[in-house]
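# Coordinates in review
Each chain, letter by letter, is given below.
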Amino acid sequence: MLRFSPFQLFSMIIVMLASFTVPVTVAYNIGAIVAGFDATPSQAGLIASAQSLGTAPAAFIASRLISRFASRRMFIVGLAVLALGNLASAYASDIEKLALFQFLGGIGTGIVISIIMGTAARSAKPEMTYGFINSSFGVFIVALGFIMPPILKAGGVHGIYLLYAAFALVGIVAAFFAPNSKAPTAQEAEAQIGEPADVSERASRKQAKTIGWIALIGFGIFFFAQSGIGAFAERIGVASEIPLQTIGQVFAVGGLLTIVGPLVAGWIGARFGSTLPLFLIAVALGVTVFGLANMETPLSFYIAAPLFTLLPGILMPSFLGALAVIDPTGRSAAMQPAFATLGAILGPVVGGLVVENFAFPGLGWFTIAVIFLGSLFMSAATVGADRKRSQAIPEKTAM
């Protein structure tokens, strides 16, 4: 169990934000790529998928290395690779080279976010740690809502990728002050929790690993749906003749809501369980996606777009906290970025194909169905964690 000083937690959050600039700005990137390279929506979606294609295997491999290398070294290596990929992307001469350079940058992102998630899972209060991490994204989204539109107008694709490279360099500086630890090896983890008392306990531990895999697959499905329509949120607004500057301000409102939402979710998840929030948020997100994809007036966008940003941010702390309860070593949480980005690889590409054939309303219905499927798989972890928490309460009372 790790305990962070406030400054260490702040530094780790800066590292996280610096590594995640491209995924969190995908709606802006799609528009910039379409305009800068005269690309189709599916081609622009392919660039977002190329970044994810680098992130997924890198995150998975990094999750296997968290007990071999200290986190600080992994942060610095990942951010250096990301900075190089984004710097090269700023000077890409065609869309094929841009895809290659974004794949390289995605490798850096995968290394960093895997180590961040595994480190947070081993903290004294993982739900609240994840709450702080996701809340910081709200602050970041607010800032980007004001930064990105003028950067896009002034520099286009060249300008935004130079900005992302600069963020990665800032992250390298912050890495020197972030927590520096290794996860326990499998043998060390077994020694900490002791040998299984009987056959049923041994089976229970094996079942926990299976539950983790099922939930992570569901998380990948959930992110497939979210990234598919999220990549075209800016295009939905533009199609309704909403000015780009206004769209940025709407996204900033969503960021403001996301500052508080994850903190509340972290507090709720630690006290009232994870399953009920999962399904309430899934239903709310389904309604929000319907409103976003079937816009009648710009008002629909003004309401749905901030909620679309807020609701996944509320879900993350409770779900990741459930993974930390199921697997206290942090390995399942460290694999979470790999599964999320595996879903995100296909999301923008499939989303672009759906839009081209069935327009935005068709994308909305497709997204709703996939969100509910992913949530069903994710409930394997939340139900298991809630059951484990309820069993721990009587034991504490007896003591």
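Given the structure is predicted, the values throughout are model-derived calculations rather than measurements.

### Re the nonpolar core
Counting residues in each nonpolar core, the largest one holds 113 residues, and the members touching the most others are V15, I133, Y161 and F301. Among the elements that take part in this core, helix 7 (residues 126-175) stands out by supplying 17 residues, more than any other.

### Section: a nonpolar patch on the surface
A grouping of I214, I217, F279, L373, L376 and F377 is seen on the molecular surface, where their side chains present a nonpolar patch of about 490 Å² in accessible area. Sorting the residues of the nonpolar patch by element identifies helix 9 (199-230) and helix 14 (331-398) as the ones contributing at least two each. Residue position: I214 is located in helix 9.

### Structural notes on the packing of helix 3 (residues 26-37) against helix 7
Running from N to C, helix 3 and helix 7 point in directions that differ by 50°, and their axes come no closer than 10 Å. Considering the angle they form, helix 3 stands oblique to helix 7. You can see that helix 3 and helix 7 cross each other, and the crossing is right-handed. Each of Y28, N29, A32, I33, G36 and F37 in helix 3 lies in contact with helix 7, whose residues at this interface are L144, G145, M148, P149, L152, V157, I160, Y161 and Y164.

### Considering the environment of V15
Checked against the element boundaries, V15 lands in helix 1 (residues 6-19). Exposure remark for V15: the relative accessible area of 0% places this residue in the buried category. Spatially, the C-alpha atom of V15 lies 8.1 Å from that of A168, the residues being 153 residues apart in sequence. Setting aside its immediate chain neighbours within four residues, V15 contacts F75, L79, V112, I116, G171, A174, A175 and A178.

Calculation rules
Residues numbered from 1 in each chain as written. Predicted model: local features only at pLDDT ≥ 70, side-chain atom pairs only at ≥ 80, totals over all residues. Heavy atoms only, no water. Core = buried A, V, L, I, M, F, W, Y, C linked by side-chain atoms within 4.5 Å. Buried < 20%, exposed > 50% of the residue type's maximum accessible area, 1.4 Å probe, protein only. Helix = DSSP H or I, 4+ residues; strand = E, 2+ residues; numbered from the N terminus. Patch = residues over 30% accessible without salt bridge, like charges linked within 9 Å, V, L, I, M, F, W, Y side chains within 5 Å. Areas by Shrake-Rupley, 256 points an atom, 1.4 Å probe, with all protein chains shown as cover. Salt bridge = Lys/Arg side-chain N within 4 Å of Asp/Glu carboxyl O. Axes fitted to C-alpha atoms, helices over the stretch in contact; angles between N-to-C directions. Parallel < 35°, antiparallel > 145°, perpendicular 65-115°, else oblique. Left-handed = near helix turned anticlockwise from the far one by under 90°. Contact = heavy atoms within 4.5 Å.

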